[in-house]
Amino acid sequence: MTDRYSEEEAILAVAQLTRTRLVSFIEAEIITPVQTGDGHMFRQIDLARMELLCELSEQFDLDDDALALVIGLIDQLHGVRGELRAVLGAVALESEEVRARIAEALRQPL
């Protein structure tokens, strides 16, 4: 399995992706390919994003501005989930007493 895909390989790999749509995603900076001497190259994560973007575009008839907003929110949510996992991992390393105090504090209204 390769870790870089050309434009042609990306279009073949993502069912609903067309060259026009790919160019649109790049111009809108929704997808940021790696620049090489051979042109744009895409990573596996780019292919997954393009698949999601195509699905959102088709199912909800979203234009590039709306897609950029939605994918930005998804990116933020993904980042927050990673931060939450790190916090949960740190809390898990604490003593039972500390974990109990944290659990009690979380039950209190703000």
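**Student:** Would you explain unusual backbone geometry in this entry?
**Tutor:** Of all residues except glycine, most have a negative phi; of all peptide bonds, most are trans. Positive phi outside glycine occurs at Glu29, with the angle close to 60°. In this structure, Glu29 sits in the loop between helix H2 (19-27) and strand E1 (34-36). In this structure, Asp61 is a non-glycine residue whose phi angle is positive, near 50°. Note on placement: Asp61 falls in the loop between helix H3 (44-60) and helix H4 (64-92).

**Student:** So what exactly am I meant to see when it comes to the nonpolar core here?
**Tutor:** When a protein is soluble and globular, its nonpolar side chains tend to lie buried together. Leu17, Leu22, Phe25, Phe42, Leu47, Met50 and Leu53 are the most contacted members of the largest nonpolar core, which totals 18 residues. Put simply, the parts of the chain that give this core at least two residues each are helix H1 (7-13), H2, H3 and H4. Sorting elements by how many residues they give to this core places H3 first, with 5 residues. Leaving out residues up to four positions away in the same chain, Phe25 has contacts with Leu17, Ile30, Ile31, Met50, Leu53, Cys54, Asp64 and Leu67.

**Student:** Help me understand the pattern of salt bridges, please; the structure alone is not making it clear to me.
**Tutor:** Two side chains that carry opposite charge are able to pair once their charged atoms sit near each other. For the structure on display, the rule yields 8 salt bridges. A salt bridge links Arg43 to Asp46; the shortest N-O distance between them is 3.1 Å. The partner of Asp75 in a salt bridge is Arg49, with the nearest N and O atoms 2.7 Å apart. Here Asp75, found in helix H4, pairs with Arg49, found in helix H3; they are 26 residues apart in sequence, far enough to count as distant. One salt-bridge network, held together by shared partners, links Glu7, Glu8 and Arg19.

**Student:** Can you help me understand the environment of Leu47 in this one?
**Tutor:** Along the chain, Leu47 turns up in helix H3. Placed 51 residues apart in sequence, Leu47 and Val98 show a C-alpha to C-alpha distance of 43 Å. With residues near it in sequence (within four places) discarded, Leu47 still touches Tyr5, Ala10, Ala13, Val14 and Phe42.

**Student:** In this structure, what is going on with the packing of H2 against H3? I would like to understand it.
**Tutor:** The relative placement of two packed helices is expressed as an angle between their axes plus a distance between the axes. The geometry of H2 relative to H3 is characterised by a closest axis approach of 12 Å and an angle of 105° between their N-to-C directions. With respect to each other, H2 and H3 are oriented roughly perpendicular. In contact with Arg21, Leu22 and Phe25 of H2, H3 contributes Met50, Leu53, Cys54, Ser57 and Glu58. Looking at the contact of H2 with H3, its residues break down into 5 nonpolar, 1 polar and 2 charged.

**Student:** When you look at a nonpolar patch on the surface in this model, what are you seeing that I'm missing?
**Tutor:** On the surface, Leu84, Val87 and Leu88 cluster together to form a nonpolar patch covering roughly 290 Å² of accessible area. Relative to the helices and strands, Val87 is located in helix H4.

About the cut-offs
Residues numbered from 1 in each chain as written. Predicted model: local features only at pLDDT ≥ 70, side-chain atom pairs only at ≥ 80, totals over all residues. Heavy atoms only, no water. Helix = DSSP H or I, 4+ residues; strand = E, 2+ residues; numbered from the N terminus. Core = buried A, V, L, I, M, F, W, Y, C linked by side-chain atoms within 4.5 Å. Buried < 20%, exposed > 50% of the residue type's maximum accessible area, 1.4 Å probe, protein only. Contact = heavy atoms within 4.5 Å. Salt bridge = Lys/Arg side-chain N within 4 Å of Asp/Glu carboxyl O. Axes fitted to C-alpha atoms, helices over the stretch in contact; angles between N-to-C directions. Parallel < 35°, antiparallel > 145°, perpendicular 65-115°, else oblique. Nonpolar A, V, L, I, M, F, W, Y, C, P; charged D, E, K, R; others polar. Patch = residues over 30% accessible without salt bridge, like charges linked within 9 Å, V, L, I, M, F, W, Y side chains within 5 Å. Areas by Shrake-Rupley, 256 points an atom, 1.4 Å probe, with all protein chains shown as cover.

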